[in-house]
Amino acid sequence: MTHAGLSGHAVHERFKRFSHLIGSTPLLAIHFFFRGSHRTIYAKAEGHNMTGSIKDRMALHILRTAYLNGSIKPGDRIVEATSGNTGIAFAAIGRALGHPVTIYMPDWMSQERALLIQSLGAEIVPVSRDQGGFLGSIRMTEHLARRDHNVFLPSQFSNAANVAAHEETTGPELWLQLESLGVKPDAFVAGVGTGGTVMGVGRCFRRKNPKARIHPLEPAESPTLSTGHKVGHHRIQGISDEFVPAIVKLDQLDAVLKAHDGDSILMAQKLAAGLGLGVGISSGANLLGALMVQNELGPGAVVATVFSDDNKKYLSTDLLREEPVMPGYLSPEVELSDFTACSGVYLHKQG
Ligand code: PMP
């Protein structure tokens, strides 16, 4: 069923409270020494968003777009299958807008995640492996939406507004921040969960510089993008789910990079203990991916990425345990020196 969307003015009034809470994140320049040269890699500090992750941008943009086109109406229940940052983002932003929120979640996820989502007023439906795990939970939400027209499914893996969120905010912010430092990006790297970040920032950068390299990244232990299906297990939460998302167009991107989960953990640990930057495991992976591209392009290449979240949701994971160094890891060779920070830029936002 479709409804007329709210007017642009009404949507603006509803959403303006978020404009100082989501997006406009600082840009960090991480300075380090690697194989005989001084290096810098740039990363957006996405832990500064309202609920502590980059997924706030996607949740906000999907909901705002849905209000404008009438696919959600006040009071509808927001229902999404997810295990992590997306659930937290939809719970918080959905409740702020007065919506009931239900999150379908694999029952083997850590209790701290479920509690966090519940504390934000959302209901959790646990889904077991026997019920089909993550893919099963997506099918369950679709079944529910067919029966109940007061249910709104954000469908982050296939919703174009996910890509648009990054094309219209993360990408332009990053470009402007780099410009303010007097540099232009040669490449952007991002680990792929839904692929919204890499596709959206990629589109923005390629419009400004068609030669910009845009690299997706996946865990070496579970290479879903390069095989087309789920393989193995990995510990980089938030990236590489059980399938290649519909919004990911690999033919529009450069080569898929692979980071080891142990190396990503060591890199994230190093950023926290060495520079005081408490980031999640996928941020460690992204820094390693950016380093791989820089090694290929030359030590002076301007390579940017995102630190997707902070370390607080990983307190019960291997991020807080001792991680063995394995042959081929890059993080042991990274000698962090310091970092500088560039303030967030406010884009002209509608709605
Ligand atoms: N890192 C973390 C911690 C995440 O939660 C996500 C989102 N699942 C990503 C990276 C990947 O972002 P995207 O969904 O935009 O590909």
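Residues numbered from 1 in each chain as written. Predicted model: local features only at pLDDT ≥ 70, side-chain atom pairs only at ≥ 80, totals over all residues. Heavy atoms only, no water.

A. Spotlight on the site of the ligand. As a matter of local geometry, the ligand sits amid 16 residues, with Lys-55, Thr-194, Gly-195, Thr-197 and Ser-282 nearest to it. Between the ligand and Gly-193 there is a distance of 2.8 Å, counted from an oxygen atom to a backbone nitrogen or oxygen. In this structure, Thr-197 approaches the ligand through a side-chain N or O atom, which is 2.6 Å from an oxygen atom. Coverage of the ligand by the protein amounts to 94% of the 390 Å² it exposes when considered alone. Of the residues contributing to the shell around the ligand, the split by class is 3 nonpolar, 11 polar and 2 charged. (Near = heavy atom within 4 Å. Polar contact = N/O pair within 3.5 Å; in protein donor to acceptor, adjacent residues only side chain to side chain. Areas by Shrake-Rupley, 256 points an atom, 1.4 Å probe, with all protein chains shown as cover. Nonpolar A, V, L, I, M, F, W, Y, C, P; charged D, E, K, R; others polar.)

B. Geometry of the pattern of salt bridges. What the rule picks out here adds up to 18 salt bridges. Ionic pairing is found between Glu-46 and Arg-57, a salt bridge with its closest N-O pair at 2.8 Å. Of the two residues, Glu-46 sits in the loop between strand S2 (37–45) and helix H2 (55–69) while Arg-57 sits in helix H2, which places them 11 residues apart along the sequence. Ionic pairing is found between Asp-261 and Arg-235, a salt bridge with its closest N-O pair at 3.1 Å. Of this pair, Asp-261 sits in helix H9 (residues 261–275) while Arg-235 sits in the loop between helix H8 (224–227) and strand S9 (257–259), and the two are 26 residues apart along the sequence. (Salt bridge = Lys/Arg side-chain N within 4 Å of Asp/Glu carboxyl O. Helix = DSSP H or I, 4+ residues; strand = E, 2+ residues; numbered from the N terminus.)

C. Here's a closer look at the confidence of the model for the protein. The pLDDT averaged across the protein works out to 95; a share of 98% of its residues lies at or above 70. When the elements of the protein are averaged for pLDDT, helix H4 (residues 111–119) gives the smallest value, 90, and strand S10 (residues 303–307) the largest, 99. (pLDDT = per-residue confidence, 0-100.)

D. Summary view of the nonpolar core. Core analysis: the largest hydrophobic core is formed by 35 residues, its most contacted members being Ile-30, Phe-32, Leu-217, Leu-271, Leu-291, Val-303 and Phe-307. Secondary-structure elements contributing two or more residues to this core are strand S1 (27–34), S2, strand S7 (187–191), S9, H9, helix H10 (281–297) and S10. If one sorts the elements of this core by residue count, H10 sits on top with 7 residues. Beyond its immediate stretch of four places on either side in the chain, Leu-291 contacts Phe-32, Phe-34, Arg-39, Ile-41, Leu-330 and Val-334. (Core = buried A, V, L, I, M, F, W, Y, C linked by side-chain atoms within 4.5 Å. Buried < 20%, exposed > 50% of the residue type's maximum accessible area, 1.4 Å probe, protein only. Contact = heavy atoms within 4.5 Å.)

E. Just the sheet that holds strand S8 (residues 213–219), in detail. On the basis of which strands lie adjacent, the open sheet formed by 7 strands has the order S9-S8-S7-S10-S2-S1-S11 and mixed pairing. Of all the strands in the sheet, just S9 and strand S11 (335–342) have a single pairing partner and so form its edges. When the angles between neighbouring strand axes are averaged without regard to direction, this sheet yields 30°. Pairing geometry for S1 and S2, over 8 bridges, is antiparallel. Note that in S2 the partner of Leu-28 across the bridge is Ala-43. Its contacts with the sheet put helix H6 (residues 160–180) on S1, S2, S7, S10 and S11, and the angle it makes with S2 is roughly 140°. Contacting S1, S2, S7, S8, S9 and S10, H10 runs over the sheet at an angle of about 175° to S10. (Pairing = 2+ DSSP bridges. Axes fitted to C-alpha atoms, helices over the stretch in contact; angles between N-to-C directions.)

F. Local environment of the pairing of S2. Of all 9 residues in S2, 7 are buried, a share of seventy percent or more. Between S1 and S2, which pair antiparallel and follow one another directly, the connecting turn spans 2 residues, one of which, Arg-35, has a positive phi of 40°. Relative to S10, S2 is paired through 4 bridges, and the arrangement is parallel. In the sheet register, Ala-43 faces S10, and the bridge partner there is Thr-305.

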